[in-house]
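Each chain, written out:
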Amino acid sequence: MELVEVKKLQVELDAFAGRDVYLHLETTNGSYATHFNEGFFNAGAFIRNVVINYELGKVVGDSPHRVGLKLPHGWVYAQGITHYELDDQGRLLLAGHDGTGKLAVALQISETPFSY
Amino acid sequence: MTISQERHVLVVFPHPDDEAFGVSGTITTHIKQGTPVTYACLTLGEMGRNLGNPPFATRESLPVIRKKELQASADAMGLTDLRMMGLRDKTIEFEDDEKMVGLMTDLIEELNPSKIITFYPDFAVHPDHEATARAVVRAVRRMTDRPTLHCVAFANNTLEVLGQPDIVYDIREVRDQKMNSMKAHISQTAWMLEEMEHKLQQGDTETENWLTKERFYNYRWHEDFEKSF
């Protein structure tokens with residue numbers, strides 16, 4: 001993965017617009033957050049292989065960036081995005097990695113389903 | 001406490017590296033004693049958070065890495081019967097409960113283990129650990145001739161509620177294998193191992209203790225975690 005360059009990532013987001021794509025969206029604090037810090041309120045969400053078709057995709061702001069996808073009847077967005085990669089299967093993988101190297105958020109789109 | 005001679009040992013955990021920290025010394029010792037050991041690892045830790053910064057992997061490439069690490073850990077322990085069960089990390093508790101019991105029952109019927117190692121229900125911290133423990137306990141509960149059930153517990157309230165572990169194995173003789181099993185999972189354990197080395201150099205007895213002893217609780221059927229299922 002490489003650090004997000006807004007202009008380059010914007011080109012990739014544009015390329016997927018108007019097409020049916022499989023979505024992976026994830027936010028996480030890790031399953032041990034409350035074990036290590038008992039007062040911590042652990043929340044997160046996970047979606048994988050839901051098909052969407054966005055009409056407009058935008059990456060905004062300084063790193064960590066926000067990325068939003070406007071759908072005909074709704075929205076998808078993620079904040080905290082630091083890195084991206086167009087992988088060898090043509091999938092656009094965006095992720096937010098914190099200073100310790102832990103993933104905090106992932107937003108991925110692909111024309112073919114992600115594995116299980 | 002010496003490690004007993006067994007007919008067959010079945011180890012069930014959900015994540016690659018769950019075996020390394022808690023029980024790799026025990027697994028290695030059983031194998032050295034000639035006991036067949038099967039490790040059923042339910043997922044490939046697909047949702048692991050340690051991906052580095054700069055990243056060394058993506059959410060999609062991580063399972064490929066962790067699969068190799070799991071095999072390397074098995075090799076370090078001398079374990080030849082490694083089963084990758086194909087479930088997805090962080091989803092086990094949402095699977096059908098009866099299906100999960102069936103998965104465990106199939107393994108038990110095939111292997112006829114005299115001892116099973118898993119987590120202790122309600123003291124296993126991670127939802128996947130808890131779901132795995134529940135499935136194993138439920139499968140064993142239904143058996144008429146139950147195998148020994150040794151459980152790993154590490155929730156913050158473990159000592160307070162369960163007391164001291166019933167079983168403490170001295171694993172000094174296989175310390176290197178344990179270390180190699182932990183090192184095999186380097187993508188997820190690097191920072192932890194670094195911290196450990198640092199503590200060992202400072203003569204920290206708790207860390208040393210952790211590398212030389214493995215602790216289990218006999219599952220307490222008289223205080224079963226649920227009344228019925």
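The shown structure was predicted, so the numbers you read here are calculated from the model rather than taken from an experiment.

1. Brief notes about the overall build of chain A
Piece 1. In terms of helices and strands, chain A carries two helices and nine strands.
Piece 2. N-terminal to C-terminal, the α/β element order of chain A is β-α-β-α-β-β-β-β-β-β-β.
Piece 3. In summary, chain A has a C-alpha radius of gyration of 14 Å against a globular reference of 13 Å for 116 residues, a match within 12%.
Piece 4. Structurally, chain A occupies a C-alpha span of about 45 × 30 × 25 Å along its principal axes.

2. Things to note about the interface of chain B and chain A
Piece 1. Contacts between chain B and chain A engage 14 residues on the former and 23 residues on the latter.
Piece 2. Here the residues of the side of chain B that touches chain A are counted per class, giving four nonpolar, six polar and four charged.

3. Focus on the sheet that holds strand E6 (residues 167-170) of chain B
Residues and elements named next belong to chain B.
Piece 1. With mixed pairing, seven strands are arranged side by side in an open sheet as E3-E2-E1-E4-E5-E7-E6. Looking along the sheet, the strands with just one partner apiece sit at the ends: strand E3 (81-87) and E6. Pairwise comparison of adjacent strand axes, ignoring direction, gives a mean angle of 25° for this sheet.
Piece 2. With five bridges connecting them, strand E1 (residues 9-13) and strand E2 (residues 37-43) associate as parallel partners. Bridged to valine 9 within E2 is valine 37.
Piece 3. Of the strands in this sheet, E1, E2 and E3 are in contact with helix H3 (residues 97-111), which crosses E1 at around 160°.

4. Description of helix H2 (residues 62-77) of chain B
All names here are of chain B.
Piece 1. Taking 1.5 Å of rise per residue, 16 residues should cover 22 Å, and H2 covers 23 Å from first to last C-alpha, within 8% of that figure.
Piece 2. Buried residues of H2: Leu62, Pro63, Ile65, Arg66, Glu69, Leu70, Ser73, Ala74, Ala76 and Met77, and no others.
Piece 3. As for H2, its buried residues are in contact with helix H1 (18-32), E2, E3, helix H6 (175-184) and helix H7 (186-201).
Piece 4. The positive-phi residue at the C-terminal boundary of H2 is glycine 78, with phi of around 80°.

Quick notes on the rules
- Residues numbered from 1 in each chain as written.
- Chains lettered and ligands numbered in written order.
- Predicted model: local features only at pLDDT ≥ 70, side-chain atom pairs only at ≥ 80, totals over all residues.
- Helix = DSSP H or I, 4+ residues; strand = E, 2+ residues; numbered from the N terminus.
- Rg over C-alpha atoms; globule rule 2.2 N^0.38 Å.
- Contact = placed C-beta atoms within 7 Å.
- Nonpolar A, V, L, I, M, F, W, Y, C, P; charged D, E, K, R; others polar.
- Pairing = 2+ DSSP bridges.
- Axes fitted to C-alpha atoms, helices over the stretch in contact; angles between N-to-C directions.
- Expected span 1.5 Å × (residues − 1).
- Buried ≥ 20, exposed ≤ 12 C-beta atoms within 10 Å, placed from the backbone.

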